[in-house]
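Descriptive analysis of the structure
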Amino acid sequence: MLHLTQTQHRSSRRTSYPYYSSTNRKALWENTSKLFFFGRTDDLDAIFFPGGHGPMCDLTSDATSQQLTAEFWEKGKVVAAVCHGSPALVNIKLADGNLLLKGKDSYWVSQLGRGLR
C-alpha cells in the first residue's frame, strides 16, 4: 500500500492544479452532466465509481445514483467501484427490496489502514 506523505501531496497538487484550472478543462468539470438520465442505461455499458471523497461522502445517500446503479445491475450491466468509490454501492436497493451487496463479498480499506506502511 502506498503511503502518501504531506510533501508528496503538496507536490501532486502543484502539478495537477494547472491541468484542472485551465479554461478548457475547467468547463468540463464545471458543466458535468447530471445523473438524472434514467432510461439511458440502454445506451451505456457500465457504471463506475472512482475513488475520492465525492463518491464516499455524497453518493452513499444520493437517491438518483442509487436508482441508476440499480438499473444497471438489474439489466445485467457492469457495476464497478474502486477505492473510496466503493461506499457508493452500500445503500442500493434492488426492485426485490434486497440490497445490491447482500450476500456478496466486498473488500475495503479502512481509514486506519491508510496510515499503515
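Residues numbered from 1 in each chain as written. Predicted model: local features only at pLDDT ≥ 70, side-chain atom pairs only at ≥ 80, totals over all residues. Heavy atoms only, no water.

Re the overall build of the chain
For the chain, the helix and strand inventory stands at five helices and two strands. Going from the N terminus to the C terminus, the chain shows its helices and strands as α-α-β-α-α-β-α. Here the chain holds 117 residues, and 21% of them are scored as buried. Approximately 8700 Å² of the chain is accessible, and the part contributed by carbon and sulfur atoms is 55%. (Helix = DSSP H or I, 4+ residues; strand = E, 2+ residues; numbered from the N terminus. Buried < 20%, exposed > 50% of the residue type's maximum accessible area, 1.4 Å probe, protein only. Areas by Shrake-Rupley, 256 points an atom, 1.4 Å probe, with all protein chains shown as cover.)

Remarks on the confidence of the model for the chain
Residues of the chain with pLDDT of at least 70 account for 63%, and the chain-wide mean is 76. Per-element confidence in the chain is highest for strand β2 (residues 78-81), whose mean pLDDT is 94, and lowest for helix α1 (residues 6-21), whose mean pLDDT is 53. Every residue in residues 1-12 is under pLDDT 50, and counting partners more than four places away or in other chains gives 10 contacts. (pLDDT = per-residue confidence, 0-100. Contact = heavy atoms within 4.5 Å.)

A closer look at the environment of Y107
With respect to the element layout, Y107 can be found in the loop between β2 and α5 (111-114). In this structure the C-alpha to C-alpha distance between Y107 and V82, which are 25 residues apart in sequence, comes to 9.7 Å.

Some points on the nonpolar core
Judged by nonpolar contacts, I47, F49, L59, L68, A70, F72, V79, A88, L89, I92, L94 and L100 together constitute the single largest core of 12 residues. Those elements that provide at least two residues to this core are β1 (46-49) and α4 (63-74). The greatest single-element share of this core, amounting to three residues, is contributed by α4. Residues contacting F49, with those up to four places away along its chain left out, are L59, S65, T69, A80, A81, V82, G85, A88 and L89. (Core = buried A, V, L, I, M, F, W, Y, C linked by side-chain atoms within 4.5 Å.)

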